[in-house]
Amino acid sequence: MRILGVDPGTNITGYGIIEKDHDRTTEVVHGEIRRIKSEPLSKCLTRIYDDLIKVAKDFAPDAMVLEDIFYGKNVESLIKQAQVKGVVMLVGCHSSIPIYTYTPLEVKKAVVGYGRAEKSQVQQMVKAILNLSELPPVDASDALAVAICHSNFLKAVST
């Protein structure tokens, strides 16, 4: 099973694809889509859509998994992050890929064994689980982590 994990962020959207074959999990690709500081959000959303459509087309994942939005106190930030999540979900819909979501707590617990783990701990475990030669960037690591989480739990109900 090939799983596309996405960490939807306004400034950086991380993505990563893993391949799960019985007890073996390997990384296929990972990357980050970065927002240019002066760029309007609409341009950024278009680029996220275009880049992820290409990733979906090039690597044909069987599932798309997103980390749920972190609910902070900044409403404007939450709205922007929700817009990114909507665009990412649209990629899954347009690519006919089932979409699943996990909370940050579920992801950290699945990958590190502790739901309140630090980002650096998640990075280290992703590196170890996928036998990578170096640490992936933080947002790509989060995307790979959500894909690993799904490969462990395989939720039955899609979003």
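Just so we're clear, the structure is a prediction, and the values are computed from it rather than from any experiment. For every chain, the first residue of its written sequence is number 1, and the numbers climb from 1 along that sequence. Local features in this predicted model are restricted to residues whose pLDDT is 70 or higher, and side-chain atom pairs enter the listing and the counts only when it is 80 or higher, whereas totals over whole chains, interfaces and linings include all residues. Side-chain figures throughout are based on the complete set of non-hydrogen atoms in the structure, without hydrogens or water.

### Observations concerning the overall build of the chain
Reasoning step 1: In this description a helix means any DSSP run of H or I spanning at least four residues, a strand means any run of E spanning at least two, and both kinds are numbered starting from the N terminus. Secondary structure summary: the chain contains five helices and five strands in total.
Reasoning step 2: Put simply, the chain runs from its N terminus to its C terminus through helices and strands in the order β-β-β-α-β-α-β-α-α-α.
Reasoning step 3: Here the radius of gyration uses the C-alpha set of atoms, whereas the globule reference equals 2.2 Å times the residue count to the power 0.38. Taken over the C-alpha trace, the chain has a radius of gyration of 14 Å; the compact-globule value for 159 residues is 15 Å, and the two agree within 12%.
Reasoning step 4: The C-alpha extent of the chain, read off along each of the three principal axes, is 45 × 35 × 30 Å.
Reasoning step 5: Here, residues are in contact when the closest pair of their heavy atoms is within 4.5 Å. The long-range share in the chain, meaning contacts at least 24 apart out of those at least 6 apart in sequence, stands at 60%.
Reasoning step 6: Here the accessible surface of atoms and residues is derived via Shrake-Rupley with a 1.4 Å probe, and residues count as covered only by protein chains that are part of the display. Just so you have it, the chain exposes about 8,500 Å², and 53% of that area is on carbon and sulfur atoms.
Reasoning step 7: With 19 positive and 19 negative side-chain charges, the chain shows a separation of 4 Å between the mean positions of the two kinds. In this tally Asp and Glu are treated as negative and Lys and Arg as positive; neither His nor the chain ends contributes. By convention, the point assigned to a charge is CZ for Arg, NZ for Lys, CD for Glu and CG for Asp.

### A few points about the pattern of salt bridges
Reasoning step 1: By definition here, a salt bridge exists when the distance from a side-chain nitrogen of Lys or Arg to a carboxyl oxygen of Asp or Glu is within 4 Å. Enumeration over the complete set of coordinates arrives at seven salt bridges.
Reasoning step 2: The partner of Lys-119 in a salt bridge is Asp-142, with the nearest N and O atoms 2.5 Å apart. Highlighted residues: Lys-119 in helix α4 (residues 119-129) and Asp-142 in helix α5 (residues 138-153), separated in sequence by 23 residues.
Reasoning step 3: Each residue is placed in one exposure class: buried if its accessible area under a 1.4 Å probe, protein chains only, is under 20% of its type's maximum, exposed if it is over 50%, and partly exposed if it falls in between. Judged by relative accessible area, Asp-142 falls into the buried class, the value being 6%.

### What about the environment of Tyr-49?
Reasoning step 1: Relative to the elements of secondary structure, Tyr-49 occurs in helix α1 (residues 41-59).
Reasoning step 2: In this structure Tyr-49 comes out as partly exposed when scored by relative accessible area, which is 22%.
Reasoning step 3: Taking the C-alpha atoms as reference points, Tyr-49 and Gln-121, 72 residues apart in sequence, are found 29 Å from one another.
Reasoning step 4: Aside from chain neighbours lying at most four places away, what touches Tyr-49 is Val-87, Leu-90, Val-91 and His-94.

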